[in-house]
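Structural overview
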Amino acid sequence: MDYKQIIAESWGYTQKNKKLILWFGFLPAMFTTSVGAGYIAYQLFAFKTSWMFDDAEHSSLTQVITFIWDFLKAHVSWTIPLIIVAVLFFIFYMLFPTIAQASAIQMIARNRNGQKEAGVGTGLRHGIMSFLPLFEYHLLIKTFSFFSILIEMSFVVRNLGPAIFKFLMPVFIIFIFISLLLTLLFTYTDFFIVIDRKRVFESMKESGKLVITHWQSTFLITILMIIIGVRIVIQAFLVLAIPGIIILVSGYIATMTLLVTGVIVGLIIGSIVLVIAAYLNGVVDIFSYSVWTFTFLALTSEKELSARDHAVADTENPIAVTPQSDEKPALFSGVEREEYEK
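Described below are features of the structure shown in this document. (Residues numbered from 1 in each chain as written. Predicted model: local features only at pLDDT ≥ 70, side-chain atom pairs only at ≥ 80, totals over all residues. Heavy atoms only, no water.)

Turning next to the overall build of the protein chain. Of regular secondary structure, the protein chain possesses 13 helices and 0 strands. Ordering the α and β elements of the protein chain from the N terminus gives α-α-α-α-α-α-α-α-α-α-α-α-α. A total of 342 residues make up the protein chain; the buried ones form 34% of that total. On the protein chain, roughly 21700 Å² of surface is accessible, and the fraction owed to carbon and sulfur atoms is 71%. (Helix = DSSP H or I, 4+ residues; strand = E, 2+ residues; numbered from the N terminus. Buried < 20%, exposed > 50% of the residue type's maximum accessible area, 1.4 Å probe, protein only. Areas by Shrake-Rupley, 256 points an atom, 1.4 Å probe, with all protein chains shown as cover.)

Across all of its chains, the model carries 3 salt bridges by this definition. Ionic pairing is found between Arg 112 and Glu 9, a salt bridge with its closest N-O pair at 2.8 Å. With Arg 112 in helix α4 (residues 79-112) and Glu 9 in helix α1 (residues 3-16), this residue pair connects regions lying 103 residues apart in the sequence. A relative accessible area of 36% means that Arg 112 is categorised as partly exposed. Glu 9 gets classed as partly exposed once you look at its relative accessible area, which sits at 29%. (Salt bridge = Lys/Arg side-chain N within 4 Å of Asp/Glu carboxyl O.)

We now examine the environment of Leu 297. By secondary structure assignment, the location of Leu 297 is in helix α12 (residues 259-301). In this structure Leu 297 comes out as buried when scored by relative accessible area, which is 15%. In this structure, the C-alpha to C-alpha distance between Leu 297 and Asn 113, residues 184 residues apart in sequence, is 8.9 Å. Non-local contacts of Leu 297, meaning those with residues more than four positions away in its chain, are made with Ala 109, Arg 112, Asn 113 and Ile 195. (Contact = heavy atoms within 4.5 Å.)

A few words now on the side chain of Thr 187. Following the sequence through the fold, Thr 187 ends up in the loop between α8 (161-185) and α9 (189-194). Looking at Thr 187, its side chain comes within polar contact range of the main-chain oxygen of Thr 183, at 3.1 Å. Sequence-distant contacts of Thr 187, defined by excluding residues within four places in its chain, comprise Ser 207, Val 211 and Trp 292. (Polar contact = N/O pair within 3.5 Å; in protein donor to acceptor, adjacent residues only side chain to side chain.)

For helix α6 (residues 131-142), with 12 residues, the first-to-last C-alpha span of 16 Å sits near the 16 Å given by 1.5 Å per residue. The complete set of buried residues in α6 reads Phe 131, Leu 134, Phe 135, Tyr 137 and His 138. Buried residues of α6, viewed axially, fall in a sector of 160°; they line one side. Buried residues belonging to α6 abut α4, α5 (120-129), α9 and α10 (200-213). (Expected span 1.5 Å × (residues − 1). Arc of directions from axis to C-beta.)

Right, dumping it as structure tokens:
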């Protein structure tokens, strides 16, 4: 397998398919990036109000809930529209990113296999069919994700103190190792679910088998893990930048002029940064899907030889294989010949 060629072809394919980036990269990234920015903002606020910096009287969650309640009481007419927007946003956040991933994989795989007419509509139609098992798998594996473990570590250090955190550190290290191992073994689970329409646990088993049997792809997997690492760094930086820019700009303007003006300017700037971050994340997502899909199709198209299979003759690199012959051995006794013919 030519790893460099796969990565180059994946990047070229990504650049040529702007609709793929728009519908299955940028739009779902708007939801995931917004939630990520909000979650990071909450984590920063939680650390600020913890014993490490402020030791506030009330917990961060209590202060957030109190702020939202006070805001709704002060703006009663906004309550129903905000609730509707929040419910719709939650539904789209839970459903659309998974549907977009399945649709992107379907479209990429079909284009790779020569189905040039397979566009966004075709990918979406077939991607919806894989939504439920893919959604089930994501819920199952999310508990062991590296990001989830970091959130759990931050919760422990904020609420239980450094002594308990040090005591639990070996447990966290073990969980991180398990998370990395599962991430590696279940690399191709999404593709078995979406492309081959296999069940969740069957896909997980087949993915582990594919990773183990094709150990020569370790180099490619290493490159892809580096790409994913760069993606995480970019996402983390951009997600951290969004709430930071909003807070700094709105706070500065609020001190200089009016509070409402500061909030409006902060929201405008935050929205611009959000769109840029979502687009970059969308491009990286589609590129990552392309690399993994091309790799999956290449590996699964190779026939794994068992110990009973005969090697195919290679004229460039011949290997000595003992040929089988249908001819009978020359020296046989009468009894031995009868036993041989039987």
